[in-house]
Amino acid sequence: MRIYDLKQKEVINVKTCKRLGFVGDVDFDMETGCLLALIVPGPGCICGFLGREKEYVIPFCDICQVGNDIILVDIKEKDVTESIKC
């Protein structure tokens, strides 16, 4: 699977069944080529007019399943609300 293919997939938290967004970038180890984390841009502030405040950095160990259209992740709601604040 290519990075471009991951960017076409929507990320959903299985704990809360909420959409987090689409994959914006990935973090991987340059030496081994292993995927370390998915980076999903956070929600926009004030209806998206002022850009984005933070982003979700989802470690590889929190990825449950990668499907054809979506990626299921298992992250705590506390982690999500603390990482995204406008």
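Note that the structure is a prediction, hence the values are computed from the model and not measured.

Student: Tell me about the sheet that holds strand S5 (residues 55-59), and name the residues and values.
Tutor: The antiparallel open sheet is built from three strands, whose spatial order is S3-S4-S5. Lying at the two open borders of the sheet, with one neighbouring strand each, are strand S3 (25-28) and S5. Geometrically, the sheet is characterised by an average inter-axis angle of 25 degrees between neighbouring strands, direction not taken into account. Relative to strand S4 (residues 35-41), S3 is paired through four bridges, and the arrangement is antiparallel. Looking across to S4, one finds that Val 26 is bridged to Leu 38.

Student: Before we move on, could you go through the sheet that holds strand S2 (residues 18-22) and cite the residues and values that matter?
Tutor: Taken together, the four strands give an open sheet; going across it, the order is S2-S1-S7-S6, and neighbouring strands pair in mixed fashion. Each edge of the sheet is formed by a strand with only one pairing partner; in this case those strands are S2 and strand S6 (63-66). Strand-to-strand twist in this sheet, taken as the mean axis angle between neighbours without regard to direction, amounts to 25 degrees. The sheet contact formed by S6 and strand S7 (residues 70-73) spans three bridges and is antiparallel. Bridging from a neighbouring strand, Ile 63 pairs with Val 73 of S7.

The rules behind each value
Residues numbered from 1 in each chain as written. Predicted model: local features only at pLDDT ≥ 70, side-chain atom pairs only at ≥ 80, totals over all residues. Heavy atoms only, no water. Pairing = 2+ DSSP bridges. Helix = DSSP H or I, 4+ residues; strand = E, 2+ residues; numbered from the N terminus. Axes fitted to C-alpha atoms, helices over the stretch in contact; angles between N-to-C directions.

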